[in-house]
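# Coordinates in review
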Amino acid sequence: MHHALETISKKVHAGERLTFDDGMVLEHHADLHYLGELANLVRERKNGNTAYYNVNTHLNPTNVCVYRCQFCAFRADLKSPKGYVMSDEQILERARGAVGRGATELHVVGGLHHLKGFDWYKHILAIIHAECPSLHLKAWTAVEWDWFQRLTKRPLEELMGEMIEAGLGSLPGGGAEIFHPDVRGVLCEHKADGEEWIKVHRTAHKLGLRSNATMLYGSIEKPEHRIDHLLKLRALQDETGGFQTFIPLAFHPENNRLSHIPKPSGLMDLRQMAIGRLMLDNFPHVKAYWVMLGVKTAQVALSYGADDIDGTVVHEIIYHDAGSDSPQEMTVADLRKLIEEAGRVPVERDTLYNQVVRSVPTEKRWATGKKLSLV
Ligand code: V47
Ligand code: SF4
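Source: prediction; values computed, not measured.

A separate point is the site of ligand 1. Taken together, 23 residues form the shell around ligand 1, and within it Lys138, Gly173, Gly175, Glu177 and Lys287 come nearest. In this structure, a nitrogen atom belonging to ligand 1 sits 2.8 Å away from a main-chain N or O atom of His252. One of the side-chain nitrogen or oxygen atoms of Lys287 is found 2.8 Å away from an oxygen atom of ligand 1. In the complex, the protein chains occlude 95% of the 610 Å² of accessible area that ligand 1 would expose alone.

Here we take up the sheet that holds strand β9 (residues 308–311). Whether parallel or antiparallel, the strands of a sheet pair through hydrogen bonds between backbone atoms. Pairing in this open sheet of three strands is parallel, and the strands run β9-β1-β10 from one edge to the other. Looking along the sheet, the strands with just one partner apiece sit at the ends: β9 and β10 (345–348). Each strand of the sheet is rotated relative to its neighbour by a mean of 25°, with strand direction disregarded. One ladder, built from two bridges, connects strand β1 (residues 50–54) with β9; its direction is parallel. By the bridge assignment, Tyr52 is partnered in β9 with Asp308. Packing against the sheet, helix α15 (residues 332–341) makes contact with β1, β9 and β10, and its axis sits at approximately 165° to β1.

Turning our attention to the site of ligand 2. Contacts to ligand 2 come from Cys65, Tyr67, Cys69, Phe71, Cys72, Phe74, Arg75, Leu112 and Lys191. Of the residues that constitute the shell around ligand 2, the class distribution is seven nonpolar, no polar and two charged.

What follows deals with the packing of aromatic side chains. In the structure shown here, the tally under the stated rule is 12 aromatic pairs. Taken together, a centroid distance of 5.4 Å and an interplanar angle of 65° make the contact between Phe118 and Phe148 edge-to-face. Taken together, the residues Phe118 in helix α5 (residues 118–131) and Phe148 in helix α6 (residues 142–152) connect sequence positions 30 residues apart. A centroid spacing of 5.4 Å and a plane angle of 80° characterise the contact between Trp145 and Phe148, whose relative ring orientation is edge-to-face. Residue Trp145 and its partner Phe148 are both found in helix α6; the two are separated by three residues, about one turn of the helix.

Here seven strands make up an open sheet; going across it, the order is β2-β3-β4-β5-β6-β7-β8 and the pairing parallel. Edge strands, defined here as strands with exactly one partner in the open sheet, are β2 (56–59) and β8 (285–286). Pairing of strand β6 (residues 210–217) with strand β7 (residues 243–250), which is carried by six bridges, proceeds in the parallel orientation. In the strand pairing of β7, Leu216 is matched with Leu249.

In this structure, Gly323 sits in the loop between α14 (318–321) and α15. With relative accessibility at 23%, the residue Gly323 sits in the partly exposed group. Put simply, Gly323 and Asn256 are 67 residues apart on the chain and 9.8 Å apart in space, counted from C-alpha to C-alpha. Those residues in contact with Gly323, other than ones at most four positions away along the chain, are His252 and Glu254.

Here we take up the nonpolar core. Membership of the largest hydrophobic core comes to 113 residues, with the highest contact counts inside it found for Leu26, Trp140, Trp145 and Leu233. In this structure, Trp145 is in contact with Ala139, Trp140, Leu156, Leu159, Met160, Met163, Leu168, Leu171 and Val200, ignoring residues within four places of it in sequence.

Our next topic: the packing of helix α4 (residues 88–100) against α5. Put simply, α4 and α5 touch, their axes get as near as 10 Å, and they point 45° apart. Classed by the angle they form, the pair α4 and α5 counts as oblique. Considering how the two elements wind past one another, α4 and α5 form a crossing that is right-handed. Between α4 and α5, the contacting residues are Asp88, Ile91, Leu92, Ala95 and Arg96 on the first element and His123, Ile124, Ile127, Ile128 and Glu131 on the second. Of the residues assigned to the contact of α4 with α5, the class counts are six nonpolar, one polar and three charged.

Procedures and definitions
- Residues numbered from 1 in each chain as written.
- Chains lettered and ligands numbered in written order.
- Predicted model: local features only at pLDDT ≥ 70, side-chain atom pairs only at ≥ 80, totals over all residues.
- Heavy atoms only, no water.
- Near = heavy atom within 4 Å.
- Polar contact = N/O pair within 3.5 Å; in protein donor to acceptor, adjacent residues only side chain to side chain.
- Areas by Shrake-Rupley, 256 points an atom, 1.4 Å probe, with all protein chains shown as cover.
- Pairing = 2+ DSSP bridges.
- Helix = DSSP H or I, 4+ residues; strand = E, 2+ residues; numbered from the N terminus.
- Axes fitted to C-alpha atoms, helices over the stretch in contact; angles between N-to-C directions.
- Contact = heavy atoms within 4.5 Å.
- Nonpolar A, V, L, I, M, F, W, Y, C, P; charged D, E, K, R; others polar.
- Phe/Tyr/Trp six-rings, centres within 6.5 Å; stacked < 30°, edge-to-face > 60°.
- Buried < 20%, exposed > 50% of the residue type's maximum accessible area, 1.4 Å probe, protein only.
- Core = buried A, V, L, I, M, F, W, Y, C linked by side-chain atoms within 4.5 Å.
- Parallel < 35°, antiparallel > 145°, perpendicular 65-115°, else oblique.
- Left-handed = near helix turned anticlockwise from the far one by under 90°.

This is the structure:
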């Protein structure tokens, strides 16, 4: 075995932190078995045999966006026939539907609409929260928070404070892509840069909000850009401890400007899951987002560092527009079966990783229409 790989293995067994150079060795010299064994060790040390899932729904209030990220198949121009803006009634319908299905979380993100102000985004959370107070609102990526600051010229703390009053519960991890300017300048040169993304999450953590972090891999970046990205996330986590989950996101090539780049292989998906788990020693959770990975790879990823498969995910558009052929929705029974087949113990969590105990299992409740209570 490469000498450096032996050293890394000893460090991981001893619970020591890996360096940038270690990360580069993993990228260039580690095979999949080596990565999987070590990542699984860390995963089981942190989360035992548990694999988390949640019951959630997505809401993308608009796909109209002032930006034109090269990888984005979701966005639409202001006047494009593909563009949509949901009405208050449609938004509430989505939220009510989520509650009816037993969801504990609504994941709310969208485009930066040319004609909508900060108040519209705040209004969305306010009306949902007023009508469905049991739904945890995981809303607005750092890119949106940056846009709100550009629109209002007001401090982020104030804007977040108002959103918290309106019903905001936590921040999703999107918009991170790859922080390094050499990559970001090509993928999405105009939107919030890497430093701003970090600043938004730092502010959220200071205000007591938890958040997630993502990394978009498999487009034009090089291994050093990925390791740099992971170390920037790790540094902020050292500072605040506010991150819950890391979610590596595989580039999807359909219907965007980078369609000439092939989709990352299954091997690459598992490698990035494992490397993320190994480098982010201070993140409690790593998520295998099944919509993005496909159900089968997500299942295998539970042995390569991941301890979470996200949720039932109804109404997903971002990955389906970019060519994902995974289903629109997984039932709780599907999720639990997938996890059990992988030899793990399924645990339903809420957004903040509290266990959700249901008096009547969700799948039975759907069949009987019985009222459900969360204990
Ligand atoms: O920010 C968009 C990425 C993200 C493509 O926080 C693409 O729990 C690959 O962040 N190929 C949105 N990636 C999704 C996201 C997310 C998903 C699930 C859970 C959580 C969480 C966060 O999707 C965007 C962007 O980085 N993205 N288009 C594409 N063609
Ligand atoms: Fe707009 Fe987000 Fe798509 Fe970029 S990724 S074009 S910011 S919707």
